[in-house]
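Remarks on the overall topology
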Amino acid sequence: MLFRSTISAFAGGSNFGNGAQGNLTVNNNTSVNTDGTLSAVNGSIGVSGSNSICIASALGFSVGDEIIIITMQVAATPSTNIGKYEFFNITSISSNTLFLSGNLTNSYVSNASEKHQVIKVPQYANVTVNNGGTLTCSSWNGTVGGVLCFRANGNVNVNSGGLITANGKGYRAVSQRSPICRMANGGQGEGVFGTGIGSGSCNGSNGNNGNWNNANGNGGGGGTGTGDSGGGGGGAYGVSASTGQSSGGHLGGTGGNAVGNSSLTVLIMGGAGGEGGADEDGTTPGAGGNGGGIIYITANTLSVSATGSISANGINGNNGSNTGGGSGCGMAGGGGGAGGSIFFGILNFNGSGTGISANNGIGGTSNGCGGSGANGSVGRIRFDFMGSMPVTTPSAYQGSGIINTGVTYTWSTGSNTPTISVTPTVTTVYNVTVSAMPQCSMASGSISIIVNSLPTITANSGSICTGQTFTLSGSGAQTYTWTGSNLLNNPPTGGVVSYSNGFAIHTFTSNGTFSVPSNLNATVLIV
């Protein structure tokens, strides 16, 4: 009899970086950006299958650096490219062209509507963020920014009062108007398709309900103005956002559309909220709130205090206002921004998940009778982690384990998958080599499957006459189980006997004494 065994290789540590930048400690009143070296992708170099990419500036990048390449915005047509990303090491640099440690899976060709960026990934040993310290990234500026990404091959500790944050670092709302703006349609919030329609001209609105108030991908639509105005639509990400409140016949902005997927296989920033519409006698409408950015962290151990925070929240929309000389009540509020993306690849988690969030911003209110802005939607969170999941806001998706981009497996059987099934007939040692391209590292391991031989069973045999007894004996095994009637020993322990009464065959199994029934001559047969 052959038995099938399943054996697996797990390449966890290879995804935590090499720790080359040592320990990072962020103390009170200190803010540290992780994206000190970044650049927009430039031009048509960077197609799927190639091993190079052209960027606007290679300043700060070096051979051996690990980089993330990520798509930030796409054309306003059906596209599956938004949020796709890959990690590579730089093998050489020629002017502003980076040559990579592998071939691109996706295409990163830049044009007016397709925007991608390249960011150097810091390689820390341990990261500690203490009370009053902030670890963050640059805000998205329409070209680069919005992504907080690092690796730590030791521990990441967010102590009480410490912050790792990409709050409001995502897609942008229009700027707050000042000092006075009346009779204007609100601008759309930025989203995956770009900036959208900007703020309408002050004193120029006709209350157009067909352009400004439409959603802009996951960005919220602007409220329409003239008289009592409509509120801005909420920015979106994890779910579609709500529409801003209509007022005086003027529509609120349509909420942004949900994008991405629940398993967070793509990384997308939260959509911005739409601007509120401006009435005829107030001061200013409320601007929408920015969306949350992207956080990507891999580490051996992540520890978060109950009052520590890791967040990519959307920002609240501003209120409509009469401050500065206005009157009336029809200035509308802006829509809240959506939460962004948070991805963790870890082996261990300690502490609390209460401070881990990709929350929505709240819509702003009007100055009295105009429309309120809608709330944004929540973002998405994923843990690639094998343990008990912490409670986060929103609830996190649990992956099956560390995602090892660029990891390959080579077994002695010739298989190239993390898990293989084997059916050895003799004791066999299986070897596996795991290669991780981003860190150019390699590790090997082996496992022995021990195969024990099946036992050879023997038993005695003989002949008896009516009324006599026969002792059955078995050998070759560790335990025996016999069944049948007329067994004198209890419990029995091994062997098989058959006898015939001329009409039927009876089989008994036991190791003990068997009594032949009366008026029957029997021959004991071992089967």
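Residues numbered from 1 in each chain as written. Predicted model: local features only at pLDDT ≥ 70, side-chain atom pairs only at ≥ 80, totals over all residues. Heavy atoms only, no water.

A short note on the overall build of the protein
This is how the line gets drawn: Comment: elements are numbered from the N terminus, with helices defined as DSSP H or I runs of at least four residues and strands as E runs of at least two. Each residue gets one of three labels from its accessible area relative to the maximum for its type: buried under 20%, exposed over 50%, partly exposed in between, using a 1.4 Å probe on protein chains only. Two residues form a contact once any of their heavy atoms are found within 4.5 Å. Computed with the Shrake-Rupley method and a 1.4 Å probe, the accessible areas treat only the protein chains shown as cover for residues.
Secondary structure summary: the protein contains zero helices and 32 strands in total. Residues classed as buried in the protein amount to 51% of the 527 residues present. Sequence-distant contacts, at least 24 apart, represent 69% of the contacts inside the protein between residues at least 6 apart. Entry remark: accessible area of the protein is about 21,000 Å², with carbon and sulfur atoms responsible for 50%.

Some points on the environment of G191
For G191, the location among the structural elements is in the loop between β14 (163-165) and β15 (294-304). Residue class for G191 comes out buried when judged on its relative accessible area of 0%. The spacing of G191 and G291 is 100 residues in sequence and 8.8 Å in space, taken between C-alpha atoms. Those residues in contact with G191 that lie beyond four places of it in its chain are Q73, Y171, N216, N218 and G219.

Some remarks on the pattern of salt bridges
Selection criterion: Within this document, salt bridges are pairs made up of a side-chain nitrogen of Lys or Arg and a carboxyl oxygen of Asp or Glu, the two lying within 4 Å of each other.
By the definition in use, this model includes five salt bridges. With a shortest N-O distance of 2.7 Å, R151 and E66 are connected by a salt bridge. You can see R151 sitting in strand β13 (residues 147-158) and its partner E66 sitting in strand β6 (residues 66-73), a full 85 residues away along the chain. Judged by its relative accessible area of 1%, R151 falls in the buried class. Overall, the relative accessible area of 3% leaves E66 in the buried class. In this structure, the salt-bridge partner of E275 is R177, at a minimum N-O distance of 2.8 Å. In this pair, E275 sits in the loop between β14 and β15 while R177 sits in the loop between β14 and β15, placing the two residues 98 residues apart along the sequence. When sorted by exposure, E275 lands in the same class as R177, which is buried.

What to know about the sheet that holds strand β7 (residues 85-94)
Applied cut-off: A pair of strands is treated as paired once DSSP finds two or more bridges between them. The axes used here are C-alpha line fits, helices contributing only the stretch in contact, and every angle between their N-to-C directions lies in the interval 0 to 180 degrees.
Overall, antiparallel pairing links the six strands, which are arranged β4-β9-β6-β7-β8-β5 in an open sheet. Of all strands in the sheet, those bounded by a partner on one side alone are β4 (38-40) and β5 (52-54). Across this sheet, the average inter-strand angle for adjacent strands is 35 degrees, counted without regard to direction. As defined by bridge partners, β7 adjoins strand β8 (residues 97-100) across four bridges and the pair is classed as antiparallel. Residue pairing for β8: I93 is matched across the bridge by L98.

Topic: the state of the cysteines
Worth spelling out the cut-off: Cysteine sulfur atoms are paired as a disulfide whenever they fall within 2.5 Å.
By the definition in use, this model includes two disulfides. Disulfide partner of C181: C202, at an S-S distance of 2.0 Å. Its S-S torsion of approximately -110 degrees makes the covalent link between C181 and C202 left-handed. Of this pair, C181 sits in the loop between β14 and β15 while C202 sits in the loop between β14 and β15, placing them 21 residues apart in sequence. By relative accessible area, which is 34% here, C202 ends up partly exposed. Sulfur-sulfur distance for the disulfide between C329 and C369 comes to 1.8 Å. Measuring handedness by torsion sign, the sulfur bridge of C329 and C369 sits at about 80 degrees and is right-handed. Within this pair, whereas C329 is found in the loop between β16 (309-311) and β17 (341-351), its partner C369 is found in the loop between β18 (356-357) and β19 (380-384), the two being separated by 40 residues in sequence. A relative accessible area of 27% means that C329 is categorised as partly exposed. Using a relative accessible area of 29% as the deciding quantity, one classes C369 as partly exposed. Along the protein, the cysteines that take part in disulfide bonds pair up as 1-2, 3-4, counted in sequence order.

Section: the side chain of T301
Here is the rule we go by: Any pair of N or O atoms that falls within 3.5 Å is considered a polar contact. Within protein, one atom must be able to donate a hydrogen and the other to accept it, and sequence-neighbouring residues count only if both atoms are side-chain atoms.
Locating T301 in the fold gives a position in strand β15. A polar atom in the side chain of T301 sits 3.1 Å from the side chain of N300. Here the side chain of T301 touches N348 through a polar contact of 3.2 Å, side chain to side chain. With residues up to four places along the chain from it excluded, the contact list for T301 reads G154, N155, V156, N348 and N350.

Comments concerning the sheet that holds strand β3 (residues 30-33)
As a general point, the strands of a sheet are linked pairwise by backbone hydrogen bonds and lie either parallel or antiparallel. A sheet is described by the order of its strands in space; here five strands give the open sequence β3-β12-β14-β16-β18, paired in parallel fashion. At either margin of the open sheet sits one strand with a lone partner, and together these are β3 and β18. Across four bridges, the pairing between β3 and strand β12 (residues 133-136) is parallel. Its bridge partner being in β12, S31 is matched across the sheet by T134.

Description of the environment of Q398
Tracing the chain through its elements places Q398 in strand β20 (residues 397-399). Taking the C-alpha atoms as reference points, Q398 and M386, separated by 12 residues in sequence, lie 8.2 Å from one another. When near neighbours in sequence (up to four residues on either side) are disregarded, Q398 contacts F383, F385, M386, G387 and M389. Among the polar contacts made by the side chain of Q398, one reaches the main-chain carbonyl oxygen of F385 at a distance of 2.8 Å. Polar contacts involving the side chain of Q398 include one to the main-chain carbonyl oxygen of G387, which spans 2.9 Å.

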